[in-house]
Amino acid sequence: MNRLGDLERAVMDVLWQRNKPLTVRDVGRALADRDLAHTTVMTVLDRLAKKGVVARDREGRAWRYRPAASRENYVSELMIDALGETGDRDAALAAFVRSMNGNEAEALRRALEDTDEPRT
């Protein structure tokens, strides 16, 4: 899983915030404060599609883009990849847990409890 660059992350933020597939023009309008050329937004979306980060469907002459996964799933994949790059997964996980605040630790406890329950 590749990390996203600044512009890719901004494009993905737009797609994750919306609840529907968007055209290049839609994304460009949402990023109007960045003063990007239409072709720049098109290139970024095309690259994200080739990386598998976005899915696209043809609608007439235009493509409509949507995230291939939720933001949470994307970040989870990054974390899993990062753990795979360390020589000591246990130490990396322990350091991660020590960096958590109380609310985050409680959320992790609840998630762990949910995974301990038998699946039906």
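Use the structure listed above.
Quick caveat, the model's predicted, so the values are computed rather than measured.

Enquirer: Just give me the short version of the packing of helix α4 (residues 71-85) against helix α5 (residues 89-98), but keep the residues and values in it.
Expert: The interhelical angle for the contact between α4 and α5, taken along N-to-C directions, is 130 degrees, at an axis separation of 8 Å. As judged from the angle between their axes, α4 and α5 are oblique. Seen along the crossing, α4 lies across α5 with a hand that is right-handed. Across the interface between the two elements, Met79, Ile80, Leu83 and Gly84 from α4 touch Arg89, Ala92, Leu93 and Phe96 from α5. Class assignment for the residues of the contact of α4 with α5 results in six nonpolar, one polar and one charged.

Enquirer: If you had to explain the pairing of strand β2 (residues 62-67) to someone new, which residues and values would you point to?
Expert: Where strand β1 (residues 54-59) meets β2, six bridges bridge the pair, whose relative direction is antiparallel. Counted as the bridge partner of Asp57 is Arg64 from β2. A loop of two residues connects β1 with β2, the two strands running antiparallel in sequence, and Gly60 in this loop sits at a positive phi of about 65 degrees.

Enquirer: Which residues make up helix α1 (residues 6-17), and what values go with them?
Expert: Under the 1.5 Å per step criterion, the end-to-end length of α1 is 16 Å for twelve residues, consistent within 8% with the ideal 16 Å. Within α1 the residues assigned to the buried category are Glu8, Ala10, Val11, Met12, Val14, Leu15 and Trp16. Of the surrounding elements, those touching the buried residues of α1 are α2 (24-30), α3 (38-51), β1, β2 and α4.

Enquirer: So what about the packing of α1 against α3? Which residues, and what values?
Expert: The geometry of α1 relative to α3 is characterised by a closest axis approach of 10 Å and an angle of 85 degrees between their N-to-C directions. On the basis of the axis angle, α1 is roughly perpendicular to α3. Mapping the contact onto sequence places Leu7, Glu8, Val11, Met12 and Leu15 in α1 and Thr40, Val44, Leu45, Leu48 and Lys51 in α3. Looking at the contact of α1 with α3 residue by residue, the class counts come to seven nonpolar, one polar and two charged.

About the thresholds
- Residues numbered from 1 in each chain as written.
- Predicted model: local features only at pLDDT ≥ 70, side-chain atom pairs only at ≥ 80, totals over all residues.
- Heavy atoms only, no water.
- Axes fitted to C-alpha atoms, helices over the stretch in contact; angles between N-to-C directions.
- Helix = DSSP H or I, 4+ residues; strand = E, 2+ residues; numbered from the N terminus.
- Parallel < 35°, antiparallel > 145°, perpendicular 65-115°, else oblique.
- Left-handed = near helix turned anticlockwise from the far one by under 90°.
- Contact = heavy atoms within 4.5 Å.
- Nonpolar A, V, L, I, M, F, W, Y, C, P; charged D, E, K, R; others polar.
- Pairing = 2+ DSSP bridges.
- Expected span 1.5 Å × (residues − 1).
- Buried < 20%, exposed > 50% of the residue type's maximum accessible area, 1.4 Å probe, protein only.

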